[in-house]
Each structure stands twice: as C-alpha cells, then as structure tokens.
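# Observations on the three-dimensional arrangement
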Amino acid sequence: MMEFWLISVPLDKISCQSLEKLKRVAAKSGLATSSRFNVPELKVGTLDVLLGVSDDLSRLDTYAEGVMRQTSQSLGEVMEEFSGKLLESMLANGEHKTNQKGRRSPLKSYCQTVQVFPDVSMDLATYVTRFQWDRAKYPTAQPLKTLTEIISKQVSQVDTELKSRRAAYSHLKASIQSFERKNEGSLQTRALTNIVKKEDLVLNSEYLTTLLVVVPRTAYALWEKTYESMSKFVVPRSSRKLVEDADAGIFTVTLFKSVIGEFKAHAKIHKFTVREFNSDEAEKQKQEISRLAMDKKELYRTFLCWLKVNFSEIFVAWIHLKVLRIFVESVLRYGLPVSFQAVLLQPSKKSMKQLRHQLNSIFKHLDPAAVTGKPDVGLEIPDGNSGQQEYYTYICYPIKINLVDPS
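Bear in mind that the values here come from a model prediction, so they are computed numbers and not experimental data.

This next bit is on the overall build of the protein. Helix and strand counts for the protein stand at ten helices and twelve strands. Considering only contacts within the protein whose residues lie at least 6 apart along the sequence, 78% involve residues at least 24 apart. Of the roughly 22200 Å² of accessible surface on the protein, 52% is carried by carbon and sulfur atoms.

Laid out in structure tokens, this is it:
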C-alpha cells in the first residue's frame, strides 16, 4: 500500500529547526522521504466560515475518496472482461512496455496513472509529489466555501452519473448472461438457437416437417432401430445426429405433419424427448443476441472512456481537497497571519510507527498539554463525520493512493 503523510507546522524558528531535524533523521534512518509541498495563497475569510468549511471538507474528503474508489472498482470490472485487448492502453503516456517477469493487471497499470492534461499523464505518486494547484479549475481568488462547493458539485456529478452508467452496463450484462445461460445445461433444456441450422430442417413444405429428438447416449441403437416404425409416415433414413453431450444427443427426423402426435406418443414410450423448435423465433433470438453484443461493445467503449476521464478528474479533485484541508486546519490551529509550511512525507512501509514516534517527539513543543506518556499514539477526538480521528500536535492528513487493493 502506497501512502503519503501531508503534514503542516508553523513557520516559527523552533518548528523550522524541528522540521530540518526530522528530515535529517528520516533520511539517515530510512524512515521516510520528504519533499516540500506547495500550498497556494487562499482567501481566509472569517472564523465562522473557516469552522464551517472545515466540517464540510472533512465530510467531502471521505465522500470523494469513496466515489474515487468506486470509479476505480468499476474500471476494474469493465477491464476484466477485455483485459487482453487493453494492456497497451493502460500505461502512462500511452507507451507500451511489457514486463515479461510479472505483468501487472490492466487495472493496476491504469489506476496508478492520472491524466493531468488531455495529452499528459503521470503516475499518481508523481502527481502528489509534484503537486501544483490548478488555478483554472479552482481559482484561488474564490472564497474557500466556493472552492469547496465547486469540488462538492464535481464529485456529486461523478457519483450520480457513475451510478446511472453502472446500472445500464449491469442491466445489459444481465440480459446477455440470461441468453448465455439458456445455451448451457443439458440438451433437454438448452436453447437450440446455435445448434440447429436452416439446412437441418425441412422448411416451407405443405406436408412434411422435421422434429428434433433428444436421445440418451445409451439408447442410440434403439433410436436407429425404432424411429422409422413410430409411424407409417416417417421418411426412411431421415435421422441425423446434430450434437451430443455427455448424456445425450439431438437427432432430426422428417415425417408428415399429420402424424406428429402419433410419433410423439411412441417417442415418449421409449423415453425419447421431442424438443419444440420454431425457426422464426430462433432467428429473432439470434438477431437479439447479435444486437445485445453490439450494444455491449459500444457501451463498453463509452463507459471505459468515461471511467478513465473521471477517475483522473476525481483523483485530482481529491488531492485539492487535501490541500484545502491542510490550509484551513493550519489557519485554525496556528492562527493569523497565515504562516505555516507543508511537507509531504512518504513513510517506509515497515517504519510508520517509528516515524510517528519521531514526529510526536520532535513537534511536542506545539502543544505540550496534548503530549501523553505514549508519544507514538495520537489523541482521539470527535471528527463530526467518521466518529474519531487521531490528533497530533502537528497537522497530518494521510493520502493512500493504492486504489486497486483494499486500503
């Protein structure tokens, strides 16, 4: 699981020295890599506005991450069916690179890239570490509440459309699967659409017709011996086997229409099953299956394109939400004038607890009253949305960017 910690500390002398100490300790011990994180100058507003926006951002952060993960999940479900055809399109910048030792799934390949501009893509980690505020989408001259509303509307639109598109795709898949199930199972119940051809039947005859009879494999000899004698008006040597499975085979037999009832009665005595078949209905089913297949192909193409675009859009929006949260919380925590610095840490997977201990120890001067006897554990405080969140003397927001495996 790839994870970053976006932290913020004041720009006072002690905190700056502490931050430099953290960077040295982390680099020397391999606890984490660090980089400066660019937070733009935003309009502060009143204290009441900041408090309200802080609550809104907390809820929106959770909501946006959930929609983003649903988008990546849908991307995986759609790509799963067509993975062999999509490997080359799932890589950053459209470059086809194949790792013969261990090829990643299409979803993992794609869900670690983000489309920043129409012709520029980069992996998620690079986007986070080189983050630049998108002033075109989110003008910094706008109040914090307006920026929050812009992102909220964007996320809500993606969520609504995702639900609609998923429902349409699932409905179409269900219709196709329903037809597919009819083509499975035993020959007693399986649809005959893909088994029987026009040339297997006597069509457009005033007197003759062709029946389809299911004969157990153990009774093939009995069928050959008896089918011509089940009525006087059976065409001699008209039986032909069309298909068979492990238990039975389907045979044709041509006879006069007037003796269908008599033939069925004798077939039943020998435990042969006459299957009903309408060539016109079968042709309609073929056309319907063909239409559904074409609809699925087109819906797949448009849905996949939409998912790829909106996965990038919502990931970018989510990172901007993190920046808004770090800004608002820093102003609320450290006061005015705005004076803080944000740093992005990428903890070593095996050293997260040790890094947390170092952070709490180095920045304990920011809130001595909050420091307990266990410096590696944050205090739990109400979040107003998700129940509890950890409180540290510094500000910290995790950014977990592994969107393929569960977080």
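Turning our attention to unusual backbone geometry. Excluding glycine, most residues fall at negative phi; most peptide bonds, likewise, are trans. Look at the link from Leu336 to Pro337: it is a cis peptide, with omega at -5 degrees. Among the structural elements, Pro337 can be located in the loop between α9 (279–334) and β9 (340–347). Positive phi, normally seen in glycine, also occurs at Arg237, with a value near 55 degrees. With respect to the helices and strands, the residue Arg237 is situated in the loop between α7 (220–226) and β6 (240–244).

Let us now look at the pattern of salt bridges. Close approach of charged atoms allows side chains of opposite charge to pair. As enumerated under the stated definition, the model contains 18 salt bridges in all. Here Glu244 and Lys241 are joined by a salt bridge, their closest N and O atoms 3.3 Å apart. Since its relative accessible area comes to 38%, Lys241 is described here as partly exposed. Several salt bridges share partner residues, and in doing so they unite Asp56, Arg59 and Lys145 into one network.

What follows covers the environment of Pro10. Mapped onto the secondary structure, Pro10 falls in strand β1 (residues 3–10). Note on Pro10: relative accessible area 10%, which makes it buried. Along the sequence, Pro10 and Val331 sit 321 residues apart, while their C-alpha atoms lie 9.6 Å from each other. Ignoring anything within four residues of it in the chain, the contact list for Pro10 reads Ser15, Cys16, Tyr334, Ser339, Phe340, Gln341 and Leu366.

Here we take up the sheet that holds β6. On the basis of which strands lie adjacent, the open sheet formed by four strands has the order β6-β7-β5-β8 and antiparallel pairing. A single partner strand is all that each edge strand has here, and the edge strands are β6 and β8 (273–275). Across the sheet, the mean angle from the axis of one strand to that of its neighbour is 35 degrees, orientation sign disregarded. Sheet analysis places strand β5 (residues 208–216) next to strand β7 (residues 248–256), joined by nine bridges and oriented antiparallel. Looking at β7, one finds that Leu208 is bridged to Phe256.

Where helix α6 (residues 144–182) meets α9, the closest approach of the two axes is 9 Å, and the angle between their N-to-C directions is 155 degrees. By the angle class used here, α6 and α9 are roughly antiparallel. With respect to the hand of their crossing, α6 and α9 are arranged in left-handed fashion.

Before going further, it helps to spend a moment on the packing of aromatic side chains. Going through the model one piece at a time under the given rule, you end up with 17 aromatic pairs. The interplanar angle of 10 degrees and the centroid separation of 5.3 Å between the aromatic rings of Tyr392 and Tyr394 together place this pair among those described as stacked. Here Tyr392 falls in the buried class, since its relative accessible area comes to 7%. Lying across the ring of Trp5, Arg356 places its NZ or CZ 3.9 Å from the centre.

The strand order β2-β9-β1-β12 describes an open sheet built from four strands, whose pairing is antiparallel. Each end of this open sheet is capped by a strand with a single partner; those strands are β2 (32–37) and β12 (395–400). In this sheet, neighbouring strand axes are inclined to one another by 25 degrees on average, regardless of whether the strands run parallel or antiparallel. The sheet contact formed by β2 and β9 spans six bridges and is antiparallel. Each residue of the ladder has a partner; that of Arg36, found in β9, is Val343. Each of β1, β2 and β9 is contacted by helix α1 (residues 13–29), which is oriented at about 155 degrees to β1, the strand it contacts most.

So, about the environment of Ser156. Considering the arrangement of structural elements, one finds Ser156 in helix α6. Using a relative accessible area of 31% as the deciding quantity, one classes Ser156 as partly exposed. For Ser156 and Ala64, which are 92 residues apart along the polypeptide, the C-alpha to C-alpha distance reads 8.4 Å.

The rules behind each value
Residues numbered from 1 in each chain as written. Predicted model: local features only at pLDDT ≥ 70, side-chain atom pairs only at ≥ 80, totals over all residues. Heavy atoms only, no water. Helix = DSSP H or I, 4+ residues; strand = E, 2+ residues; numbered from the N terminus. Contact = heavy atoms within 4.5 Å. Areas by Shrake-Rupley, 256 points an atom, 1.4 Å probe, with all protein chains shown as cover. Salt bridge = Lys/Arg side-chain N within 4 Å of Asp/Glu carboxyl O. Buried < 20%, exposed > 50% of the residue type's maximum accessible area, 1.4 Å probe, protein only. Pairing = 2+ DSSP bridges. Axes fitted to C-alpha atoms, helices over the stretch in contact; angles between N-to-C directions. Parallel < 35°, antiparallel > 145°, perpendicular 65-115°, else oblique. Left-handed = near helix turned anticlockwise from the far one by under 90°. Phe/Tyr/Trp six-rings, centres within 6.5 Å; stacked < 30°, edge-to-face > 60°. Lys NZ or Arg CZ within 6 Å of the ring centre and 35° of its normal.

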